[in-house]
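Below, each chain spelled out in residue letters.
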Amino acid sequence: MLRRFASLAAVVVAVAVAGGCADDVSPAVDLGERSISFEQLFAEIDEWAGSPTLLEQLQAGEIRGEGAGTYSTGFVDFVLSNRIAFELHNQQFEALGLELSDEDVEAVRQGLFADPGTTEQVLGELSADYADRLLADVARQFAVSQAMADGYDQWLGEAYASDIEIDPRFGTWDPTTGVVSPPSGPRPPATDAFPVP
């Protein structure tokens, strides 16, 4: 289930990107106009894993895999689902010709979580670059929802149903729920979890 930042209501979806598997030839996710590389995906996962406050606030669940030094498939898919949602909103933000102001980003900084102290703790646990990226992603997502108003839900459903290709080691994209579903059936140990760099 895709977690959302409570204080920005249904519009603000949680975060994610990251990078790290050896397959640099094909992306972890192909979104048509954009793609998410393994390196980007696992770099973002590392950011999430380094912020216990963010994990707690978003109820991300168990992040470690069964094997030593691995991330769980569920955690990787959780982060990836959120990154896909952000990328879809970023594309729509550009398509609508919207612009992000410093005030927009500051509003997200003030309202990301109900408690401003929690927000500052989360941002302090992330790298400065990723914290800025997170705030901008959330601000663009909020701007899209505001600009589209009553048409937002229909657009989002259509965006989820667009041509989104996931590397099968992560599972499959579910267009009805907007999340990555883990691979079904038995899997070899190497794909049960993902190595922690």
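Here's a quick rundown of the structure.

### Details of the environment of I164
Item 1. For I164, the location among the structural elements is in the loop between α7 (152–160) and β4 (165–166).
Item 2. Taking the C-alpha atoms as reference points, I164 and V29, separated by 135 residues in sequence, lie 7.2 Å from one another.
Item 3. Beyond its immediate stretch of four places on either side in the chain, I164 contacts V29, D30, L31, I84, L88, A159 and W173.

### Some points on the environment of A143
Item 1. Mapped onto the secondary structure, A143 falls in helix α6 (residues 128–148).
Item 2. Expressed as a C-alpha distance, the spacing of A143 and L100, which sit 43 residues apart in the sequence, is 8.2 Å.
Item 3. Residues in contact with A143, not counting those within four places in the same chain, are F93 and L98.

### Remarks on α6
Item 1. The terminal C-alpha atoms of α6, which comprises 21 residues, lie 30 Å apart, in line with the 30 Å expected from a rise of 1.5 Å per residue.
Item 2. Positive phi appears at A149, one or two residues downstream of α6, with a value of about 50°.

### What to know about the packing of aromatic side chains
Item 1. Applying the stated criterion across every chain, the model contains 6 aromatic pairs.
Item 2. With a centroid separation of 5.4 Å and 75° between ring planes, the pair formed by W48 and F78 is classed as edge-to-face. Within this pair, whereas W48 is found in helix α1 (residues 38–49), its partner F78 is found in helix α3 (residues 73–95), the two being separated by 30 residues in sequence.
Item 3. The exposure class assigned to F78 is buried, which follows from its relative accessible area of 10%.
Item 4. Ring geometry for Y152 against W155: centres 5.9 Å apart, planes inclined by 40°, an arrangement best described as tilted. Of this pair, Y152 and W155 both sit in helix α7, separated by 3 residues, roughly a single helical turn.
Item 5. Overall, the relative accessible area of 7% leaves Y152 in the buried class.
Item 6. With a relative accessible area of 11%, W155 lands in the buried category.
Item 7. Among the aromatic residues, those joined into a ring-pair cluster are F38, F42 and F170.

The rules behind these values
Residues numbered from 1 in each chain as written. Predicted model: local features only at pLDDT ≥ 70, side-chain atom pairs only at ≥ 80, totals over all residues. Heavy atoms only, no water. Helix = DSSP H or I, 4+ residues; strand = E, 2+ residues; numbered from the N terminus. Contact = heavy atoms within 4.5 Å. Expected span 1.5 Å × (residues − 1). Phe/Tyr/Trp six-rings, centres within 6.5 Å; stacked < 30°, edge-to-face > 60°. Buried < 20%, exposed > 50% of the residue type's maximum accessible area, 1.4 Å probe, protein only.

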